[in-house]
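Working through the structure, step by step
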Amino acid sequence: MKTTKDQALIFELSEPGRISYSLPELDVPDVDLDEWLPEEFNRKNEPELPEVSELQLMRHYTALSKRNHGVDSGFYPLGSCTMKYNPKINEDVARYPGFAFIHPLQEEETVQGALEMMYNLQQNLVAVTGMDEVTLQPAAGAHGEWTGLMMIRAYHEANGDYNRTKVIVPDSAHGTNPASATVAGFEAVTVKSNEKGLVDLEDLKRVVDGDTAALMLTNPNTLGLFEEQITEMAEIIHNAGGKLYYDGANMNAIMGAARPGDMGFDVVHLNLHKTFTGPHGGGGPGSGPVGVKADLIPYLPKPVLVKEDGAYRFEYDRPQSIGRVKPYYGNFGINVRAYTYIRTMGPEGLKQVSENAVLNANYMMRRLEGAFVLPYKQHCKHEFVISGKNQKKLGVRTLDMAKRLLDFGYHPPTIYFPINVEECMMIEPTETESKETLDEFCDRLLQIAKEVEDNPEIVQEAPHTTVIGRLDETTAARKPILRYQKA
Ligand SMILES: *Cc1c(COP(=O)(O)O)cnc(C)c1O
């Protein structure tokens, strides 16, 4: 790790006796903790904490924060993750005392405003998805998938249909789909994509039978392509008695233009932390509401929020419910942000979001297609996939090019996913970026493609400008070192 003195971590700057805090005078009786605490809890040695001044401490945390890349610091085209700008008005509203300082165990009469916000958000999401009712409980997209599948299971079981053990998942689905199906107790069965990158209907017909509980469809799929034969697929599954699950995490591709409910889908989840601008760096918190058609309403997680005579209350008497999937109100703060976003954009604004997200992606795809292999030639939705297989022939891998982008201050795209495209990069620009930003990024990526031909070492050895170069990513994930260790 290259560090200048200013960037040095506080552990190396420690000087005995330096402190960065001042506590107020003690205003409670002093106790001798050694006597008061049981022996086994008493510390035998001084804690090994750094002793630094307040200014050193400030610089330590500021230096650490600068090592991160966020949407507020630069372009972040991480495909499938929708790293778009999080409007700061959302933060303002989430901090209103009536939202921020209420307690989840307060009486319902005292939190009517918060419940009204949740109810209105549910209604707005009903309108966006074309479903009949929405729950805000699930805490993320994958949690929404699992919740939806548990409702589908409850539905089949209520019909005495105990043999529906399979959930069909296309190979172009998001990776969480087969995982959620497995965790919900189903067998995940793969259906293949055709040469256009869409679900192969013949293969679908082959795998569908009386054991089919559901089809889980990511649409647009992870190649950024809209499934053209979606109504045919819906018919095949429904005719076999199965249910249709729509992974709507990437609703930003079709919002205001098309609705899963109108395509025949029975369940859909949304990612409020993607399409609806919840900040989601660092893994959360998220919110993955689930919408269902009328015949699945009895199975919604309880309690269900209802409106009666102008007042809002939670209804617990739901005998067929799958139960609670999250304590209290779900991730309430993210729901406030999403509601603020929907209200600031309005229906026309939301439609324009999708139009611009799709326009930006197609613009970049056409700028890059000469230098990189474009495996699927048709127009894309909100994201697209290119392949670095020509560059690989010259000894430079997609990983190298992703690392080289770091030198120019960009977060790299998603790489090596989806797995059915060799050496791929999955690029999602989002609608919040300007044409200048898209052009600059494309210029840099085209420059890197040229470097691969003229000067491959500079790409193979990248990054050259970051504090840390290349990590052993497997060991970092499996055996992470989470505590400071002296070099
Ligand atoms: C992000 C994403 C998910 C998973 O959402 P999480 O909130 O990360 O659990 C599922 N499906 C698709 C298509 C996604 O893009």
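This text follows the structure it describes.
This structure is a prediction, so every number in the text was calculated from the model and none was measured.

Notes on the overall build of the protein
Within the protein, the secondary structure is distributed over 16 helices and 12 strands. If you line up the protein on its principal axes, its C-alpha atoms span 75 × 70 × 45 Å. Here the protein holds 487 residues, and 49% of them are scored as buried. Across the protein, the fraction of contacts at a sequence separation of at least 24, relative to all contacts at a separation of at least 6, is 69%.

Quick word on the sheet that holds strand 6 (residues 267–270)
Taking strand neighbours across the sheet as the criterion, the seven strands line up as 1-7-6-5-4-2-3 in an open arrangement whose pairing is mixed. Edge positions in the sheet fall to strand 1 (133–135) and strand 3 (187–191), since each of these pairs with one other strand and no more. Adjacent strand axes in the sheet meet at a mean angle of 25° when their direction is disregarded. Two strands pair when backbone bridges link them, and strand 1 and strand 7 (residues 290–292) are joined in this way by three bridges, in the antiparallel orientation. The residue bridging Thr135 from the neighbouring strand is Val290, located in strand 7. Relative to the sheet, helix 6 (residues 112–129) contacts strand 1 and strand 6, its axis offset from that of strand 1 by approximately 125°.

A look at the pairing of strand 2 (residues 166–170)
Consecutive side chains along a regular strand alternate between the two faces of the sheet. Counting buried residues along strand 2, five of its five residues qualify, which places the element largely inside the surrounding structure. The alternating pattern of strand 2 places Lys166, Ile168 and Pro170 on one face and Val167 and Val169 on the opposite face, and all of these are buried. Alignment of strand 2 against strand 3, held across five bridges, turns out to be parallel. Considered in strand 3, the bridge of Ile168 is made with Val189.

Thresholds, definitions, all that
- Residues numbered from 1 in each chain as written.
- Predicted model: local features only at pLDDT ≥ 70, side-chain atom pairs only at ≥ 80, totals over all residues.
- Heavy atoms only, no water.
- Helix = DSSP H or I, 4+ residues; strand = E, 2+ residues; numbered from the N terminus.
- Buried < 20%, exposed > 50% of the residue type's maximum accessible area, 1.4 Å probe, protein only.
- Contact = heavy atoms within 4.5 Å.
- Pairing = 2+ DSSP bridges.
- Axes fitted to C-alpha atoms, helices over the stretch in contact; angles between N-to-C directions.

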